[in-house]
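Structural overview for review
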Amino acid sequence: TKTTETRCENIPSVLLNKEPLIKTLKVDGTSATYVLERKPFGKYEYYVCSRNVRQADEQQRNYHSDYTGDNVYWAMEHKYHIFEFLKDYIKNNNLQYACLQGEIAGPSIQGNPHKLATQQFYVFNLIRSDTGRVNSVIGQGICRNAGINWVPIIDTRYILPDTMEELKLEADGPCEIGSGLREGYVYRNYDNTLSFKNVSRKYLLKHS
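Criteria and thresholds
Residues numbered from 1 in each chain as written. Predicted model: local features only at pLDDT ≥ 70, side-chain atom pairs only at ≥ 80, totals over all residues. Heavy atoms only, no water. Core = buried A, V, L, I, M, F, W, Y, C linked by side-chain atoms within 4.5 Å. Buried < 20%, exposed > 50% of the residue type's maximum accessible area, 1.4 Å probe, protein only. Helix = DSSP H or I, 4+ residues; strand = E, 2+ residues; numbered from the N terminus. Contact = heavy atoms within 4.5 Å. Salt bridge = Lys/Arg side-chain N within 4 Å of Asp/Glu carboxyl O.

1. With respect to the nonpolar core
In terms of nonpolar packing, the biggest core is built from 48 residues, with Tyr34, Leu86, Leu100, Phe121 and Phe196 touching the most fellow members. Those elements giving two or more residues to this core turn out to be strand 2 (21-25), strand 3 (30-38), strand 4 (44-49), helix 1 (72-80), helix 2 (82-93), strand 5 (97-105), strand 6 (120-128) and strand 10 (184-188). Beyond its immediate sequence surroundings of up to four residues, Leu100 is in contact with Ala32, Thr33, Tyr34, Ile82, Phe85, Leu86, Val123, Asn125, Leu126, Cys143 and Ile148.

2. Things to note about the environment of Met164
Its place among the elements puts Met164 in helix 4 (residues 164-171). In sequence terms Met164 and Leu100 are 64 residues apart; their C-alpha atoms lie 32 Å from each other.

3. Examining the pattern of salt bridges
A full pass over the atoms with the stated rule returns 10 salt bridges. With a shortest N-O distance of 3.3 Å, Glu170 and Lys23 are connected by a salt bridge. Of this pair, Glu170 sits in helix 4 while Lys23 sits in strand 2, placing them 147 residues apart in sequence. In this structure Lys23 comes out as buried when scored by relative accessible area, which is 9%. Between Glu37 and Lys39 there is a salt bridge, with the nearest N and O atoms lying 3.5 Å from each other. What you see here is one network of salt bridges that share partners, running through Glu37, Lys39 and Glu45.

Next up, the structure:
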């Protein structure tokens, strides 16, 4: 499924929700999805995807490439050994499939707005075939142990303010990775039934 988040401006009633939320940095890059599916007779099928297209192999053409012109989605697979991570996770948890979704950011990606020195993959979804999306705090710990970045978690007990203007203002400011302005924040509750984004107005003005 394509990754998308509802803008907070479109759901103003969310401000009535005062449950603790997990607040994470919104990274500006290109969406990437990695899915490993268990097949009969001990085989697996591996899906490496951009936002809209399955990247069948390392030679597939796409809008983004690394420094050598290679397929950036496969370059991140090799950098973070995602196939091995997903295979171990499936085996250890007796799953039919497992999935990582995130953003690839850095040189040659969207103008590298965060001024990163190298291309990085930041996960925002770890999805299991049995229970669906894993809580962000738990997901961060699992990925960190495997040497895979999770989008920076800013607050694990965040309470929404009473007004939309307060919420919008907090999205503005310096980015927590690299340098320059942050794109904004994403907010989720602990059981993943609520998820939305808050995009910085200053960031939009600068990068529009």
